[in-house]
Amino acid sequence: MPSLGADMEAGTLVEWLVKPGDWVKRGDVVAVVETQKGAIEIETFQSGQIEQILVELKSKVPVGTPLARIRTELEEKPGAVAAAPPPAAPAVPLAAAPLERPPITPPPPPPVALGAAARARVSPAARRLAEERGIDLSTVTGSGPAGAITYADVERRLGEAVAPPERKRALWLDLGAMRTAIAAAMARSKREIPHYYLEHRVDVAACEQWLTETNAARPPGNRLLIGALTIKAVALAARRFPAFNGFYRDNKFEPATAVHVGVAIAIRGGGLAAPALHDADKLSLDELMSRMRDLVQRTRSGRIRSSEISDPTITVTSLGERGVETLYGIIYPPQVAIVGFGKVVTRPWVVDGAIGPRSVITITLSGDHRVSDGHAGALFLAEIGKLLQEPDKL
Amino acid sequence: MSDIDIRKVVQEELNNIAPEVDIASVDPAADLREAIDIDSMDFLTFITAIHHRLGIDIPEIDYPKLITLDGAVAYITAHLELGKN
């Protein structure tokens, strides 16, 4: 049972997605656990074959309890001298996060999952159909050899998109419990993190122009929102300014090797979550947009994965076009920065010495003053603004 | 597809986005963004669903015509009629 929050002590197993005999690879979702934050999909860090399920459905077990036994592939090496029967596979906790129980600081997060799962092969016909109908191939299960995605797989996925299964909010998305968890995290942030705040107003005419042109040629399933551009810009800037990307723990800053951008997502009814878009700096805009759509949909229906909860290295928050001009976020510990985007507004602006109306957006940084200061913060924001002037290069 | 069926499809897709709202009780002339609190991501999801179900590719430039229930039904009806000819 992984730890999915500073104050989580136990979780309830609500669904098993594998059974003994199934083969799993690292990153596969194998179970669903109910927590204050909603239903979290648990991924396995080990590859191998499920040998035994150790925890029954509906049981509530403490963090750290082994959930299943996996026979790892190491023990199946062919050619090994088989003098004795194979040793019993060690009980391997599905998310290896060894726990002390410090009063407030969260345990170290599980190893950062670098990069998305390897892309399966896709048949040309399947790829064409997916592009035409706006299906993200990473959400299609391949039934061909070695998980290859066939035309029939994409067709099936289309059928699923047309008639989604029960879409009412999952019963286990307890907004009251979620609000309690948010309250604890935000109170802790304000207590422990000395925040400083900077704002920077940026011309986004180039972004709007590029989006209009790009989207005009695409079906709805492939269109981009400005949120994809802003998140990509933050991810690239975070790569260049490491003081804003990482964790503050045990009185020191640990810069992260990857950039996993937490995306603040409002949940209908008053919930809020900020799950990670992994390796956002390495994703193309199309991939980023597609993953963001999937993340928003799963978050709002109460299905986030454990790595998405624990992995964000920096967070981006935005209230969208019905929000306000300027938004200052509160840092999610143990991160050290949060970037806020207001809504795009038209304001008087000076271009080439003349005043005219221009689309602008206000970007804010809330930074941890134990790790960075205003000078670095200003350069970081300026870099984001600069990147947004060339959307085609994002 | 009759006018009544289109309204049902539109309501179903809006219901997928805002499951706790009683779409039937929403003022059909009201701005949906205000009436059911949806953002640009939700709207794009709605437009994408309409494309999947009815085969109509609605360009961004036409979005403002679909911000009310009545507007959405009228637009889609007109475009399905065009498609038939």
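Reading the values: the criteria
Residues numbered from 1 in each chain as written. Chains lettered and ligands numbered in written order. Predicted model: local features only at pLDDT ≥ 70, side-chain atom pairs only at ≥ 80, totals over all residues. Heavy atoms only, no water. Pairing = 2+ DSSP bridges. Helix = DSSP H or I, 4+ residues; strand = E, 2+ residues; numbered from the N terminus. Axes fitted to C-alpha atoms, helices over the stretch in contact; angles between N-to-C directions. Parallel < 35°, antiparallel > 145°, perpendicular 65-115°, else oblique. Left-handed = near helix turned anticlockwise from the far one by under 90°. Contact = heavy atoms within 4.5 Å. Nonpolar A, V, L, I, M, F, W, Y, C, P; charged D, E, K, R; others polar. pLDDT = per-residue confidence, 0-100. Buried < 20%, exposed > 50% of the residue type's maximum accessible area, 1.4 Å probe, protein only. Lys, Arg positive; Asp, Glu negative; His and termini not counted. Salt bridge = Lys/Arg side-chain N within 4 Å of Asp/Glu carboxyl O. Phe/Tyr/Trp six-rings, centres within 6.5 Å; stacked < 30°, edge-to-face > 60°. Lys NZ or Arg CZ within 6 Å of the ring centre and 35° of its normal. Buried area = accessible area lost by both parts, 1.4 Å probe. Polar contact = N/O pair within 3.5 Å; in protein donor to acceptor, adjacent residues only side chain to side chain. Expected span 1.5 Å × (residues − 1). Arc of directions from axis to C-beta.

**Here we look at the sheet that holds strand β6 (residues 60-62) of chain A**
Residues and elements named next belong to chain A. Taken in spatial order, the 5 strands line up as β6-β1-β3-β4-β15 in an open sheet, and their pairing is mixed. Whereas interior strands pair on both sides, the edge strands pair on one side only; in this sheet they are β6 and β15 (303-305). Strand-to-strand twist across the sheet, computed as the mean angle between neighbouring axes with direction ignored, equals 40 degrees. The sheet contact formed by strand β3 (residues 29-35) and strand β4 (residues 38-43) spans 6 bridges and is antiparallel.

**Considering the environment of E9 of chain A**
Structurally, E9 of chain A is set in the segment before β1 (10-16). With 52 residues separating them along the chain, E9 of chain A and V61 of chain A place their C-alpha atoms 8.6 Å apart.

**Considerations on the packing of helix α5 (residues 226-240) of chain A against helix α8 (residues 374-387) of chain A**
The axes of two packed helices give the description: the angle between them and the distance between them. All names here are of chain A. At a closest axis distance of 9 Å, the pairing of α5 and α8 adopts a crossing angle of 135 degrees. Of the possible angle classes, the one that applies to α5 and α8 is oblique. The way α5 lies across α8 gives a crossing that is right-handed. Two secondary-structure elements touch here, α5 through A233, V234, L236, A237, A238 and R240 and α8 through F380, E383, I384 and L387. Residue classes in the contact of α5 with α8 are distributed as 8 nonpolar, no polar and 2 charged.

**Looking at the sheet that holds strand β2 (residues 23-24) of chain A**
All names here are of chain A. A sheet is described by the order of its strands in space; here 3 strands give the open sequence β2-β5-β7, paired in antiparallel fashion. Sheet topology places β2 and β7 (68-72) at the edges, where each strand pairs with a single neighbour. Bridge analysis of β2 against strand β5 (residues 48-53) gives 2 bridges, and the strand direction is antiparallel. Each residue of the ladder has a partner; that of V24, found in β5, is G48.

**Notes on the confidence of the model for chain B**
Per-residue pLDDT for chain B averages 90, and the proportion of residues at 70 or more is 93%. Among the scores for the predicted complex, ipTM is 0.92 and pTM is 0.74.

**Brief notes about the side chain of K232 of chain A**
Residue and element names in this part refer to chain A. Structurally, the position occupied by K232 is in helix α5. Of the side chains bearing the opposite charge, E287 lies closest to the buried K232, which forms no salt bridge; the N-O distance is 7.6 Å. Other than its neighbours up to four places away in sequence, K232 contacts A280, D281, L283, S284, L285, L288 and L394.

**Re the packing of aromatic side chains**
Inspection of the entire model under this criterion finds 5 aromatic pairs over all chains. The interplanar angle of 70 degrees and the centroid separation of 5.2 Å between the aromatic rings of F43 of chain B and Y63 of chain B together place this pair among those described as edge-to-face. Here F43 of chain B is found in helix α3 (residues 40-54), whereas its partner Y63 of chain B is found in the loop between α3 and α4 (69-84), with 20 residues between them in sequence. An aromatic cluster is present here, built from F241, F244 and F380 of chain A joined pairwise through their rings. Lying over the aromatic face of Y248 of chain A, R370 of chain A brings its terminal NZ or CZ to 3.8 Å of the ring centre.

**Comments concerning the confidence of the model for chain A**
Residue and element names in this part refer to chain A. For chain A, mean pLDDT is 83; residues scoring 70 or higher make up 82% of the total. Within the model, pLDDT remains below 50 along residues 76-119, and this stretch shows 69 contacts once partners closer than five positions in the same chain are excluded. Across residues 161-172 the pLDDT falls below 50, and counting only partners more than four positions away or on other chains, this stretch makes 22 contacts in the model.

**Some remarks on the interface of chain B and chain A**
Taken together, the contacts link 29 residues of chain B with 28 residues of chain A. In total, about 2300 Å² of surface goes out of reach between chain B and chain A, with carbon and sulfur atoms giving 47% of it. Linking chain B with chain A are 6 salt bridges. With a closest N to O distance of 3.5 Å, R322 of chain A and E34 of chain B form a salt bridge. Connecting chain B to chain A are 14 residue pairs in polar contact (both at pLDDT 80 or more).

**Brief notes about helix α4 (residues 205-216) of chain A**
Residue and element names in this part refer to chain A. Taking 1.5 Å of rise per residue, the 12 residues of α4 would be expected to cover 16 Å, and the 17 Å separating its terminal C-alpha atoms lies within 8% of that figure. Within the sequence span of α4, burial applies to C207, W210, L211, T214 and N215. For α4, the arc enclosing every buried residue in end-on projection is 115 degrees, short of the 170-degree limit, so these residues lie on one face. Summarising the contacts, the buried residues of α4 are in contact with α5 and α6 (285-300).

**Examining unusual backbone geometry**
Here the residue pair P333 of chain A and P334 of chain A is connected by a cis peptide bond, since its omega of 5 degrees sits within 30 degrees of zero. In this fold, P334 of chain A is placed in the loop between β16 (314-318) and β17 (337-341). Although it is not a glycine, D279 of chain A adopts a positive phi angle of roughly 50 degrees. Tracing the chain through its elements places D279 of chain A in the loop between β14 (276-277) and α6. Positive phi outside glycine occurs at D37 of chain B, with the angle close to 55 degrees. Residue position: D37 of chain B is located in the loop between α2 (32-35) and α3.

**A word on the environment of P312 of chain A**
All names here are of chain A. Tracing the backbone shows P312 in the loop between α7 (306-310) and β16. For P312, a relative accessible area of 4% translates into the label buried. Spatially, the C-alpha atom of P312 lies 7.6 Å from that of L277, the residues being 35 residues apart in sequence. Ignoring any residue separated from it by four or fewer positions in sequence, one finds P312 in contact with F247, H260, G262, A274, P275, A276 and Q335.

**Section: the pattern of salt bridges**
According to the stated counting rule, one finds 31 salt bridges over all chains in the structure shown. Among the salt bridges present, the one from E325 of chain A reaches R201 of chain A, with a minimum N-O distance of 2.9 Å. Linking E325 of chain A in the loop between β16 and β17 with R201 of chain A in strand β8 (residues 195-203), this pair joins segments that are 124 residues apart in sequence. Its relative accessible area of 35% is what places R201 of chain A among the partly exposed residues. Across the pair R223 of chain A and D57 of chain B runs a salt bridge, and its minimum N-O distance is 2.9 Å. Taken together, the residues span two chains, with R223 of chain A in the loop between α4 and α5 and D57 of chain B in the loop between α3 and α4. You can call R223 of chain A buried: its relative accessible area is 2%. By relative accessible area, D57 of chain B is classed as partly exposed at 38%.

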